[in-house]
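# An overview of the molecular structure
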Amino acid sequence: NAGVTQTPKFRILKIGQSMTLQCTQDMNHNYMYWYRQDPGMGLKLIYYSVGAGITDKGEVPNGYNVSRSTTEDFPLRLELAAPSQTSVYFCASSDSGPSRYEQYFGPGTRLTVT
Amino acid sequence: AQSVAQPEDQVNVAEGNPLTVKCTYSVSGNPYLFWYVQYPNRGLQFLLKYITGDNLVKGSYGFEAEFNKSQTSFHLKKPSALVSDSALYFCAVRDIRDNFNKFYFGSGTKLNVKP
């Protein structure tokens, strides 16, 4: 049981480039989340999904897009990278049943936009 | 609106001494409260949660936290700190009425335990 996995671990992008951050979970969780972590700012929710085909915006969605075609995968897309998107990105998942309290986090992707 | 405040960017404590990491919250309804720990270059790991019942909850690695509704606080505590407890600690809150289990995180407190 690998839990939540994210790829890549590190990436450097030039301004205006695009990329997709991958996230996969093997716990059959319906709920998945993308956060960004900026120094001294804690984690901010970018997008979340409550099941395949269903996504919604979080606190800071501008500049990002998501899709959820399967229960396992929840990729995050950056279309036109900007320096303000330099951050560490975390994917998380949680159960949707009565014990849907804990979120399980991946190891993160460190993105630098220059 | 939901929010969490961790008033201390950093807490320094000597090994063997008790530690406290502070957290206050604001939610429009009743809260679910959580503590997570992050070690360098790692994702967040769950430590403990308050859902209902006893105000003192116990979690992993000897940590505990006390829910105080009148002070809207959920401070993390440990009776005797270890050097290996040095890490970044995050408090998080969720409104119990939120059907989608969305969390709101504090800015984090760096705990330094010196030998």
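Cut-offs used in this document
Residues numbered from 1 in each chain as written. Chains lettered and ligands numbered in written order. Predicted model: local features only at pLDDT ≥ 70, side-chain atom pairs only at ≥ 80, totals over all residues. Heavy atoms only, no water. Helix = DSSP H or I, 4+ residues; strand = E, 2+ residues; numbered from the N terminus. Rg over C-alpha atoms; globule rule 2.2 N^0.38 Å. Buried < 20%, exposed > 50% of the residue type's maximum accessible area, 1.4 Å probe, protein only. Contact = heavy atoms within 4.5 Å. Polar contact = N/O pair within 3.5 Å; in protein donor to acceptor, adjacent residues only side chain to side chain. Buried area = accessible area lost by both parts, 1.4 Å probe. Salt bridge = Lys/Arg side-chain N within 4 Å of Asp/Glu carboxyl O. Nonpolar A, V, L, I, M, F, W, Y, C, P; charged D, E, K, R; others polar. Phe/Tyr/Trp six-rings, centres within 6.5 Å; stacked < 30°, edge-to-face > 60°. Lys NZ or Arg CZ within 6 Å of the ring centre and 35° of its normal. 1 Å grid on protein atoms, 1.4 Å probe; cavity = no way out; pocket = protein on both sides within 12 Å on 5 of 7 lines; lining within 4 Å. Points joined across faces, edges and corners; volume = space filled by probe spheres on them. Disulfide = S-S within 2.5 Å.

## Thoughts on the overall build of chain B
Tallying secondary structure elements over chain B gives 0 helices and 12 strands in all. Reading chain B from its N end, one meets helices and strands in the order β-β-β-β-β-β-β-β-β-β-β-β. Relative to the globule expectation of 13 Å for 115 residues, the C-alpha radius of gyration of chain B, 14 Å, shows essentially globular dimensions. When the 115 residues of chain B are sorted by exposure, 48% land in the buried category.

## Digging into the environment of Val83(B)
Residue and element names in this part refer to chain B. Relative to the assigned elements, valine 83 resides in the loop between strand S9 (73-78) and strand S10 (87-95). Given the relative accessible area of 33%, valine 83 is considered partly exposed. Sequence spacing of valine 83 and asparagine 112 is 29 residues, and the spatial spacing of their C-alpha atoms is 7.7 Å. Look past the residues within four positions of valine 83 in its chain and what remains in contact with it is Glu15, Val113, Lys114 and Pro115.

## A short note on the side chain of Gln25(A)
Residues and elements named next belong to chain A. By the element assignment, glutamine 25 lies in strand S3 (residues 19-25). Residue glutamine 25 is classed as buried on the basis of its relative accessible area of 0%. One polar contact links the side chain of glutamine 25 to the main-chain amide nitrogen of methionine 27, over a distance of 3.0 Å. Among residues more than four places away in sequence, those in contact with glutamine 25 are Gly3, Val4, Met32, Arg68, Thr71, Glu72 and Ser93.

## So, the interface of chain A and chain B
Opposite the 22 residues of chain A that make contact, chain B presents 23 residues. Carbon and sulfur atoms make up 55% of the area that chain A and chain B hide from each other, which totals about 1800 Å². Across the contact surface, chain A and chain B share 1 salt bridge. For Glu102(A), the salt bridge identified is with Lys49(B), shortest N-O distance 3.5 Å. Linking chain A to chain B there are 7 residue pairs in polar contact (both at pLDDT 80 or more). Broken down by class, the residue content of the side of chain A that touches chain B amounts to 12 nonpolar, 6 polar and 4 charged.

## A look at the packing of aromatic side chains
Under the defined criterion, the tally for this structure stands at 17 aromatic pairs over all chains. Sitting above the plane of the Phe74(A) ring, Arg68(A) keeps its charged end 5.9 Å from the centroid.

## Quick notes on the pattern of salt bridges
Residues and elements named next belong to chain B. The full count for this structure, using the stated rule, is 6 salt bridges over all chains. Residues lysine 77 and glutamate 66 are paired through a salt bridge, measuring 3.9 Å at the closest nitrogen-oxygen approach. Remark: glutamate 66 occurs in strand S8 (residues 64-68) and lysine 77 occurs in strand S9; sequence separation between them is 11 residues.

## Considering the layout of surface pockets
Taken as a whole, the largest pocket spans an internal volume of roughly 650 Å³. In terms of lining, the largest pocket is formed by 32 residues, of which the most central are Gln37(A), Arg110(A), Gln38(B), Asn41(B) and Leu88(B). Of all the secondary structure elements, the ones that give two or more residues to the lining of the largest pocket are strand S9 (87-94) and strand S11 (109-113) of chain A together with S10 and strand S12 (109-114) of chain B. Each residue belonging to the lining of the largest pocket can be placed in one class, and the counts come to 12 nonpolar, 14 polar and 6 charged.

## Remarks on the state of the cysteines
One pass over the full model with this rule turns up 2 disulfides over all chains. Each sulfur of the disulfide joining Cys23(A) and Cys91(A) lies 1.8 Å from the other. Residues Cys23(A) and Cys91(A) are joined by a disulfide whose S-S torsion is about -70 degrees; by sign, that bridge is left-handed. Of the two residues, Cys23(A) sits in strand S3 while Cys91(A) sits in strand S9, which places them 68 residues apart along the sequence. Like Cys91(A), Cys23(A) is buried. The disulfide partner of Cys23(B) is Cys91(B), and the S-S distance across this bridge is 2.0 Å.

By themselves, these figures tell us nothing about what the structure is for.
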